[in-house]
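Report on the structure
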Amino acid sequence: MKILEANAGALANFEVLNFLKSKGASKDPTRVLADVAPSEYKVYDYLVETAACDQTKENVNEFLEKCKKYDLAKAEVLNIINIRASTAVEIYLIVEDCEKRLGDDVDELVKTVAEVLPPAPTEPASEEVNNEADEKTADQNINEQLVGEGPEKAPDKEPIETS
Amino acid sequence: MFYLSRIEHTLRVPPDILSRPLTEAIKVELEKLFLDKVIANLGLCISVYDIISIEGGFIFPGDGAATYTAVFTMIMFRPFVGEIISAKVKESDANGLRLTLGFFEDIYIPANFLPDPSRPEPDPRKRDRVTWIWEFGEQKYVIDGEDEIRFQVHSVNYPPIPVEQPKESKPFAPMVITGSLDCDGLGPVSWWDGADESEE
């Protein structure tokens, strides 16, 4: 095995997510049919819960355009897109020498992020949990109905046998 | 987090999959060989991105399979030093935390990289588990088992494969990420969501 080029380009989280989606990964529970390996599914599961799940190329290109004036390093922009830094604290963490380079522009950058990149899925995750809970109770109701029918049948049989 | 790497590899393609189109057959073989495996200094192989060229197709004497030399690009998981990543807590003990990303579980935060000052509190339910609590001034922040934790990558190590291992030691981890929680904004996301307004 020969490594021709160790670094042929960095990929943002949403690009990897789109690649896995185009291979056929999706959220539904029947996962046997798609051409996606179980280890790839684990990556898909992780990425779908981050801020990358709703990002599109247009969003990101727009964000890159607006970021040019701040003169950020490529790794810093990638980091900001991947975790969708929505507060000044996160920007300070990502950008080195933030005070010197950005100073007051930090607030502007935070606003740009909030405007251009779609928000992380915090509420939908809880909705999914609620849906699963609803499905579980629905299943339980069906089971209870089946169990309920059993004992009702047995008493019908007994009188016939004794008579 | 993810990079593309171009790799050339010579591989055997067994005869039973040769009825499929060639690119597909080679892709299946490459996935079997590389997926979910770590290549030293390159990272964890996630997926075959595309195949650039295929050459060869020779059949060696005595072998039923065809041998091809393929050049292909692979998506590798290789975080850079200083990257901020969100992960969940897998274990928490006296040495520090262990975090997991679902597809990668060897992320360790040693006790000295936790925010200063932190103290461990032994969990009453399990013997070895320890809950870490950060004391910031008068407030106590707990590292809960359910939160999403943001950490900064401190280093990525690829320990050499050991020749012999004692029986009860942990399974060998070919790629270990050491992280730190020692900065503003790191740690469970819940610590900073509401705190941001009060601190500024």
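Residues numbered from 1 in each chain as written. Chains lettered and ligands numbered in written order. Predicted model: local features only at pLDDT ≥ 70, side-chain atom pairs only at ≥ 80, totals over all residues. Heavy atoms only, no water.

A few words now on the UniProt feature "domain: RNA polymerase Rpb7-like N-terminal" (unreviewed entry) in chain B. In the UniProt entry, the feature "domain: RNA polymerase Rpb7-like N-terminal" (unreviewed entry) is given for residues 8-64 of chain B. Helix makes up 23% of residues 8-64 of chain B and strand 44%, whereas the separation of the span's terminal C-alpha atoms amounts to 23 Å. (UniProt positions renumbered as here; feature names shortened; annotations may be inferred. Helix = DSSP H or I, 4+ residues; strand = E, 2+ residues; numbered from the N terminus.)

Looking now at the environment of Ile 54 of chain B. All names here are of chain B. Tracing the backbone shows Ile 54 in strand E3 (residues 43-59). Taking C-alpha positions, Ile 54 is 8.7 Å from Ile 26, a pair spaced 28 residues apart along the chain. Not counting residues within four places of it along the chain, the set of residues in contact with Ile 54 comprises Leu 22, Thr 23, Ile 26, Tyr 68, Thr 69 and Ala 70. (Contact = heavy atoms within 4.5 Å.)

We now examine the packing of aromatic side chains. With the rule as written, the count across this model stands at 8 aromatic pairs over all chains. Aromatic pair Phe 77 of chain B and Phe 104 of chain B: ring centres 5.5 Å apart, planes at 55°, arrangement tilted. Pair noted here: Phe 77 of chain B is in strand E4 (residues 66-77) and Phe 104 of chain B is in the loop between strand E6 (96-100) and strand E7 (107-110), with a separation of 27 residues, a long-range link. Summarising the burial analysis for this pair, Phe 77 of chain B and Phe 104 of chain B share the class buried. One aromatic cluster is present, formed by Tyr 46 of chain A together with Phe 2, Phe 77, Phe 103 and Phe 104 of chain B through successive ring pairs. Lying across the ring of Tyr 3 of chain B, Arg 78 of chain B places its NZ or CZ 4.4 Å from the centre. (Phe/Tyr/Trp six-rings, centres within 6.5 Å; stacked < 30°, edge-to-face > 60°. Buried < 20%, exposed > 50% of the residue type's maximum accessible area, 1.4 Å probe, protein only. Lys NZ or Arg CZ within 6 Å of the ring centre and 35° of its normal.)

Going through the model one piece at a time under the given rule, you end up with 15 salt bridges over all chains. Across the pair Lys 23 of chain A and Glu 31 of chain B runs a salt bridge, and its minimum N-O distance is 3.1 Å. Placement of Lys 23 of chain A in helix H1 (residues 13-23) and of Glu 31 of chain B in helix H1 (residues 22-34) is noted, with the two residues assigned to different chains. Each member of the pair, Lys 23 of chain A together with Glu 31 of chain B, is buried. Among the ionic pairs, Arg 101 of chain A bridges to Glu 76 of chain A, the shortest N-O distance being 3.0 Å. Pair noted here: Arg 101 of chain A is in helix H6 (residues 98-101) and Glu 76 of chain A is in helix H4 (residues 74-83), with a separation of 25 residues, a long-range link. Of the residues examined, Arg 101 of chain A reaches a relative accessible area of 35% and is grouped as partly exposed. Ionic contacts of the salt-bridge type, sharing partners, join the residues Lys 23 and Glu 40 of chain A together with Glu 31 of chain B into one network. (Salt bridge = Lys/Arg side-chain N within 4 Å of Asp/Glu carboxyl O.)

Right, let's get into the interface of chain B and chain A. Listed per partner, the contact involves 42 residues of chain B and 33 residues of chain A. Carbon and sulfur atoms supply 61% of the area buried between chain B and chain A, which totals about 3300 Å² over both sides. Looking only at chain B, the three residues that lose the most surface to chain A are Phe 2, Arg 6 and Ile 84 of chain B, adding up to 18% of its buried area. Summed over the shared surface of chain B and chain A, the number is 4 salt bridges. Scanning the region where chain B abuts chain A turns up 13 residue pairs in polar contact (both at pLDDT 80 or more). Broken down by secondary-structure element, the contributors of at least two residues to the side of chain B that touches chain A are strand E1 (2-13), H1, E3, E4, strand E5 (84-93) and strand E11 (148-157) of chain B. A total of 8 residues in the side of chain B that touches chain A trace back to one element, the largest contributor, which is E1 of chain B. (Buried area = accessible area lost by both parts, 1.4 Å probe. Polar contact = N/O pair within 3.5 Å; in protein donor to acceptor, adjacent residues only side chain to side chain.)

In this section: the domain arrangement of chain A. All names here are of chain A. Domains assigned within chain A are domain 1 (10-53) and domain 2 (56-119). One C-alpha centre belongs to domain 1, the other to domain 2, and the line joining them spans 25 Å. Residue-level contacts link 6 residues of domain 1 with 7 residues of domain 2. Between domain 1 and domain 2, the buried area comes to about 600 Å², and carbon and sulfur atoms account for 66% of it. Among the residues domain 1 hides against domain 2, the three largest losses belong to Asn 13, Phe 14 and Ala 51. Together they make up 63% of the total. At the junction of domain 1 and domain 2, the tally comes to 0 salt bridges. In this assembly, domain 1 and domain 2 are joined by 1 residue pair in polar contact (both at pLDDT 80 or more). Elements supplying a minimum of two residues to the side of domain 1 that touches domain 2: strand E2 (10-11) and H1. When its residues are assigned to classes, the side of domain 1 that touches domain 2 shows 5 nonpolar, 1 polar and no charged. (Domains from an automatic or database assignment. Nonpolar A, V, L, I, M, F, W, Y, C, P; charged D, E, K, R; others polar.)

Attention now moves to the side chain of His 9 of chain B. Looking at the secondary structure, you find His 9 of chain B in strand E1. Owing to a relative accessible area of 16%, His 9 of chain B belongs among the buried residues under this scheme. Those residues in contact with His 9 of chain B, other than ones at most four positions away along the chain, are Met 1 of chain A together with Leu 33, Phe 34, Tyr 68, Thr 69, Ala 70 and Phe 72 of chain B.

Next up on the list: the layout of surface pockets. Residues and elements named next belong to chain A. In this structure, the second largest pocket spans a volume of roughly 440 Å³. Along the walls of the second largest pocket sit 20 residues, with Leu 64, Lys 74, Val 77, Leu 78 and Ile 81 positioned nearest its centre. Elements that contribute at least two residues to the lining of the second largest pocket include exactly E2, H1, helix H3 (57-67) and H4. In terms of residue class, the lining of the second largest pocket is made up of 15 nonpolar, 1 polar and 4 charged. No fewer than three residues from each of domain 1 (10-53) and domain 2 (56-119) sit in the lining of the second largest pocket. (1 Å grid on protein atoms, 1.4 Å probe; cavity = no way out; pocket = protein on both sides within 12 Å on 5 of 7 lines; lining within 4 Å. Points joined across faces, edges and corners; volume = space filled by probe spheres on them.)

Residues and elements named next belong to chain A. Considered for burial, the residues of H3 that qualify are Asn 59, Val 60, Phe 63 and Cys 67. Projected down its long axis, H3 shows its buried positions confined to an angular sector of 90°, all on one face. Of the exposed residues in H3, those oriented more than 90 degrees away from the buried face are Lys 57, Glu 58 and Glu 65. At its buried positions, H3 is contacted by H1, H4 and helix H7 (105-116). (Arc of directions from axis to C-beta.)

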